[in-house]
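Chains, contacts and geometry: an overview
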Amino acid sequence: MTNHATKRLTILSALTAISFALTIFPKVAILPAASFLKIDFSIVPAFLAFSWYGLGSASLLLVVRTLLKLVLFNEGVNTYIGMPMNFLVAWAFLLAYAITIELPGIKQIRPITKKVIGFLLATAFMTVVAIVVNLVWGIPLYSSLAHFDIAKFIGVGVYLWGMVLPFNLIEGLVWALASLAVAKALAPFKKTLRP
């Protein structure tokens, strides 16, 4: 293995460990009516991996982070249902961002404008993915495995449009701001950290 590959693997491993730790703490509830929906900041190291090494490395980071959470800090049904959903939403965020910033009309504009457009479209896309994943995975599994029938206790419409939609829109914007802030803070070290 070359020094370049070793350095890349070491940095990706460190980013994966940080991302895994951020799935545990801090978690922030932002909607009083849906305190069970909590933002974690594990996307920030994944965004750094994407910025430095591309979508493939960021995707691998998300897979390993998710598996570590499922194996090492499993909280039962909530983890089995929630972590795959978390993975899909986070990956959708990165995928949409990656596609948007490479679009021909977007690629030539100012870097900050490109990032803002990328994050806005990423937030919109991840919100759509969150709604779909809740419909096909979350709501049915919480009902059958956790014996919590969202349709009965909250109402599917209230849950999706009053909780999932605003939560994910806010989460995407928080992820964007946190990712930009950390990337900017680490910018002076980028040449050292990126092989």
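In case you missed it, the structure is sitting above this.
Residues numbered from 1 in each chain as written. Predicted model: local features only at pLDDT ≥ 70, side-chain atom pairs only at ≥ 80, totals over all residues. Heavy atoms only, no water.

**Some remarks on the packing of aromatic side chains**
Both the distance between ring centres and the angle between the ring planes are used here to describe each pair of aromatic rings. Which entries qualify depends on this criterion: In summary, the pairing rule links any two rings of Phe, Tyr or Trp, Trp by its six-membered ring, whose centres are within 6.5 Å, and it sorts them by plane angle into stacked for under 30 degrees, edge-to-face for over 60 and tilted for everything else. Each helix is a run of H or I in the DSSP string that is no shorter than four residues. Each strand is a run of E no shorter than two, and both are numbered from the N terminus. The cut-offs for exposure are 20% and 50% of the maximum accessible area for each residue type, with area from a 1.4 Å probe on protein chains only; residues under the lower value are buried, those over the upper are exposed, and the others partly exposed.
Taken as a whole and judged by the stated rule, the model has 9 aromatic pairs. Centroid distance Phe-47 to Phe-119: 5.4 Å. Interplanar angle 45 degrees. Geometry classified as tilted. Pair noted here: Phe-47 is in helix H2 (residues 43-53) and Phe-119 is in helix H6 (residues 111-145), with a separation of 72 residues, a long-range link. Here Phe-47 and Phe-119 have matching classes, each one buried. Between Phe-93 and Phe-119 the ring centres are 5.8 Å apart and the planes differ by 25 degrees, which places this aromatic pair in the stacked class. With Phe-93 in helix H4 (residues 77-101) and Phe-119 in helix H6, the pair connects residues that are 26 residues apart, well separated along the chain. Residues Phe-93 and Phe-119 agree in their burial class; the two are buried. Members of the aromatic cluster, joined through ring pairs, are Phe-47, Phe-50, Phe-93, Tyr-97, Phe-119 and Trp-175.

**Some words on the side chain of Ser-42**
The test is simple: Within 3.5 Å is the distance limit for a polar contact, defined as a pair of N or O atoms, with the added protein rule that one can donate a hydrogen and the other accept it, and that residues adjacent in sequence qualify only through two side-chain atoms. A contact between two residues is defined here by any heavy atoms of the two lying within 4.5 Å.
Mapped onto the elements, Ser-42 comes out in the loop between strand E2 (38-40) and H2. The buried category is assigned to Ser-42, whose relative accessible area is 1%. Looking at Ser-42, its side chain comes within polar contact range of the side chain of Asp-40, at 2.6 Å. Residues in contact with Ser-42, not counting those within four places in the same chain, are Ser-19, Leu-22, Thr-23 and Arg-65.

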